[in-house]
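Architecture and fold: a report
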Amino acid sequence: MKVSKSVYLQTFGIVAVILALVRCACPELAMTRTERARLDSLATACNPSDTADIDTITTRDIIGKVTDGPQASHASAKNFPADKDFTPHRIYSVPRFKDCFPDSQAVHLDAAQRWGVKPVANRLDAEKRMSELVYIGANPYFYVENLKNSIPYLVPRASTLLNDIGRAYYDSLYVKGVPFHKILVTSVLRTREDVSRLQRRNGNATDNSCHLYGTTFDIAQNRYKTVYDPRKGPRREVQNDTLKWILSEVLRDFREAGRCYIKYEVKQGCFHITVK
């Protein structure tokens, strides 16, 4: 049977559309056998009940990304010997948190006003200022909590600082032989509306918060997000205090390098950090 050109093209177009819809609905059909096996292993490795506290990421992925970390004091992971020959570095912490991170609100505010944006009125105003701000909501080196009184944006200078701290923290965990964890970012850029809401239930909330300028972020002291490597099976638990001691060493290095101001906030349970 002879098929006309127009009928052939119409039939070809319909078949192409059907195949495209099938691929969109079932993308795994286009995967290679190796890719499907890897996807299955990742899916079965994570316990669904723990997904709120666990990230799935391979150790090789992390080590590959921290080899060019910012701090000379945190050695490059690619220079380490094989695991069987590796001797973990000691964990020292810092002498006294309040003494090592004493920077006052006035110091933070001065830096915030120097390097930050004009305070943002509300969420709508923030959307108009995206040329001045960087989104930090998704990053392999740190985890941003579900923010209620701030939004995940920083000025580029502060975003780079936070990224560098997260990378150096991974590096430090590795050289000390400690399973990987992400630092938790608990507060970022606040709008004027955010500050007003905070003041209704917190009398200590100030009108002129450093968080208004996009230069300041808070990192939790004793809460961290577990990073799980599916290729290594069950991993040992690490006390939050141990993770805090390592984080304090990293933050001290950044502060002494002149990268930031840091205030140890006991009641808020965080390190309050402003870029310099």
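Only a predicted model underlies this, so the values are computations on that prediction, with no experimental measurement involved.

Its location among the elements puts Glu249 in helix 9 (residues 240-256). For Glu249, a relative accessible area of 6% puts it in the buried group. When residues no more than four places from it in sequence are discounted, the contact partners of Glu249 are Ile91, Tyr92, Ser93, Val94 and Lys176.

The subject of this paragraph is the pairing of strand 7 (residues 260-265). Only one face of strand 7 is buried: it carries Cys260, Ile262 and Tyr264, and the other face, with Tyr261, Lys263 and Glu265, is open. Pairing geometry for strand 7 and strand 8 (residues 270-275), over six bridges, is antiparallel. In the strand pairing of strand 8, Lys263 is matched with His272.

What follows is about the pattern of salt bridges. Summed over all chains, the structure comprises ten salt bridges. With its nearest N and O atoms 2.4 Å apart, the salt bridge here joins Arg223 to Glu145. In this pair, Arg223 sits in strand 6 (residues 216-228) while Glu145 sits in the loop between strand 3 (142-144) and strand 4 (153-154), placing the two residues 78 residues apart along the sequence. Since its relative accessible area comes to 41%, Arg223 is described here as partly exposed.

On to helix 5 (residues 105-115). Of all the residues in helix 5, the buried ones are His108, Leu109, Ala111 and Ala112. Summarising the axial view, the buried residues of helix 5 lie within an arc of 165 degrees, below the 170-degree limit, and thus occupy one face. In helix 5, the exposed residues that point more than 90 degrees away from the buried face are Ala106, Asp110 and Arg114. Looking at the buried residues of helix 5, the elements they touch are strand 7 and strand 8.

Cut-offs and rules
- Residues numbered from 1 in each chain as written.
- Predicted model: local features only at pLDDT ≥ 70, side-chain atom pairs only at ≥ 80, totals over all residues.
- Heavy atoms only, no water.
- Helix = DSSP H or I, 4+ residues; strand = E, 2+ residues; numbered from the N terminus.
- Buried < 20%, exposed > 50% of the residue type's maximum accessible area, 1.4 Å probe, protein only.
- Contact = heavy atoms within 4.5 Å.
- Pairing = 2+ DSSP bridges.
- Salt bridge = Lys/Arg side-chain N within 4 Å of Asp/Glu carboxyl O.
- Arc of directions from axis to C-beta.

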